[in-house]
Each structure stands twice: as structure tokens, then as C-alpha cells.
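Architecture and fold: a report
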Amino acid sequence: MISPKIQDALNAQINAEFWSAYLYLSMGMHFEAEGRTGIANWFRIQFKEEQAHAEIFINYLLSRGGRVELKAIEAVPTTWESPLAAFEATLEHEEKVTAMINALYALAEQEHDYATRGKLDWFVAEQVEEEETAQNLIDRLKLVGDNGLALFMLDQELATRVYNQPAPLAAE
Ligand code: MG
């Protein structure tokens, strides 16, 4: 049986993953409306990944005999000044998620819940990737500046991103 403290923290994390999903879906809608369909595609795949993250935690909590509590998802922003602004907001948000995962990891250690700690290992590595990807796109958008052709080409590239089910879900 899972401790009430860990259960609460996992439920908060499930909510945070759904909020992330909502944020990236909103970014996808925004860029779709702006005609940046490649960037929109990138964010819509990010939306699916975040939903999968929530599902991984849901399945895990259920497997431990815990109770999943789906809380209200707070509203997200609806517009961004530029692709650069959206990716900067993405990085800032992912840094917050990393801090949450780290706090959850510390709590699992404190509670001697090594199963939860082990489950979090994949998320620790995933957060490194999320931050690296956002930073990489920020760097490239800064290089692109206001060069329309370069931005068009980057948009074309991001249009090729496809969804891959995260490993912990695929394994279940
Ligand atoms: Mg996530």
C-alpha cells in the first residue's frame, strides 16, 4: 500500500502533467491559427506525450493500490508573441516540472518508498531531454531571427515530428 503522502504527491503530479498537456495543446492551437503548421504539429505531439506521462503515473498509482484523484486543470495562456516566446515558456515550464519530479524523488526517499523512486528514474532522464530539446529550439530560433525563409524551413522540419509512445507505457 502506498503512503498517503506519496499518493497526494502523485495526484499533484498527475494534475501537473495534464496541465502541461493543456499548455502544449494551447500552443499547438495558437500556431495552427498563425499558419505555422509545423510548430503546431510539434506542440500537438508534445500534448500527447504529456497525456502519456499522466497515464504512466495513473497506472502506477493504481498498481500500488492507490486512489487516483483527477483535480481541476487550471486555465492556460492562449497566445504567444512568437515561436521563440513559446519555446522560452516551454523551457521555463519544463524546469518547474523537473523541480517537481526532483521533490517527488526526495519524498520517495524520505518515505523509504523505493518502488516510487525507481518509477521516477525514467522521468528524471525524460526531464533532461525535455529541457535539452526546448533549449535547442530556442538556440535555433535565435539564430533564425526574423529570417522568414529560415523560419519556414524550421517549421517544415518540425512538421515531420511523429508521436512515439513513451517507453513505460509501451511496456505496460
Ligand atoms: Mg511531462
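In this convention, every chain numbers its residues from 1, walking through the sequence in written order. In view of the model being predicted, local features appear only for residues whose pLDDT reaches at least 70, and side-chain atom pairs are presented and counted only at 80 or more, with totals across whole chains, interfaces and linings using the full set of residues. To get the side-chain values, all heavy atoms of the structure are used, and hydrogens and water are removed first.

**So, the packing of helix α4 (residues 114–144) against helix α5 (residues 148–158)**
Formally: Only the stretch in contact is used when a helix axis is fitted, and all axes are lines through C-alpha atoms; the angle between N-to-C directions ranges over 0 to 180 degrees. Here a strand is any run of E in DSSP of at least two residues, a helix any run of H or I of at least four, and the numbering for each starts at the N terminus. Note that the term roughly parallel is reserved for angles under 35 degrees, roughly antiparallel for angles over 145, roughly perpendicular for angles of 65 to 115, and oblique for everything else. Handedness of a helix crossing follows the sense of rotation of the near helix relative to the far helix, less than a right angle counterclockwise being left-handed and clockwise being right-handed. For this analysis, residues touch if any pair of their heavy atoms sits within 4.5 Å. Note that Gly is not counted as nonpolar here; it falls among the polar residues with everything else outside the nonpolar set of Ala, Val, Leu, Ile, Met, Phe, Trp, Tyr, Cys and Pro and the charged set of Asp, Glu, Lys and Arg.
At a minimum axis separation of 9 Å, α4 and α5 run at an interaxial angle of 150°. In terms of orientation, α4 and α5 fall into the roughly antiparallel class. The element α4 and its partner α5 pack so that their crossing is right-handed. For the pair α4 and α5, the contacting residues are Leu137, Arg140, Leu141 and Val144 in the first and Ala150, Leu151, Leu154, Glu157 and Leu158 in the second. The residue makeup of the contact of α4 with α5, split by class, is seven nonpolar, no polar and two charged.

**Observations regarding a nonpolar patch on the surface**
To keep it simple, the criterion reads: Two joining distances apply to patches: 9 Å for like charges and 5 Å for nonpolar side chains (Val, Leu, Ile, Met, Phe, Trp, Tyr), and every residue must have over 30% relative accessible area and no salt bridge. Each accessible area value is a Shrake-Rupley result obtained with a 1.4 Å probe; residue values ignore everything except the protein chains displayed when judging cover. Criterion for a salt bridge: a side-chain nitrogen of Lys or Arg within 4 Å of a carboxyl oxygen of Asp or Glu.
On the surface, Leu149, Phe152 and Met153 cluster together into a nonpolar patch covering about 340 Å² of accessible area. Relative to the helices and strands, Leu149 is located in helix α5.

**A closer look at the coordination of the magnesium ion**
Convention followed: Any N, O or S atom lying within 2.8 Å of the metal counts as a donor, and for Na, K and Ca the limit rises to 3.2 Å; water is left out, so some sites can look incomplete. Each residue's exposure class comes from its accessible area (1.4 Å probe, protein chains only) as a fraction of the maximum for that residue type: buried when under 20%, exposed when over 50%, partly exposed otherwise.
Every protein donor of the magnesium ion is listed here as Glu17 (OE), Glu50 (OE) and His53 (ND1), and their distances to the metal cover 2.1 to 2.2 Å. Within one chain, the residues serving as donors to the magnesium ion are arranged as E-x32-E-x2-H. Here Glu50 and its partner His53 are both found in helix α2 (residues 37–63), three residues apart, which amounts to about one turn of the helix. By relative accessible area, Glu50 is classed as buried at 1%. The exposure class assigned to His53 is buried, which follows from its relative accessible area of 0%.

**Here's the deal with the side chain of Glu126**
Where we set the bar: Counted as positive: Lys and Arg. Counted as negative: Asp and Glu, with His and the chain ends omitted from the count. Within 3.5 Å is the distance limit for a polar contact, defined as a pair of N or O atoms, with the added protein rule that one can donate a hydrogen and the other accept it, and that residues adjacent in sequence qualify only through two side-chain atoms.
Tracing the backbone shows Glu126 in helix α4. Comment: no salt bridge for buried Glu126; closest opposite-charge side chain is Arg161, at 6.9 Å. A polar contact is formed between the side chain of Glu126 and the side chain of His53, at a distance of 3.5 Å. Beyond its immediate chain neighbours, meaning those up to four positions away, Glu126 contacts Glu49 and His53.

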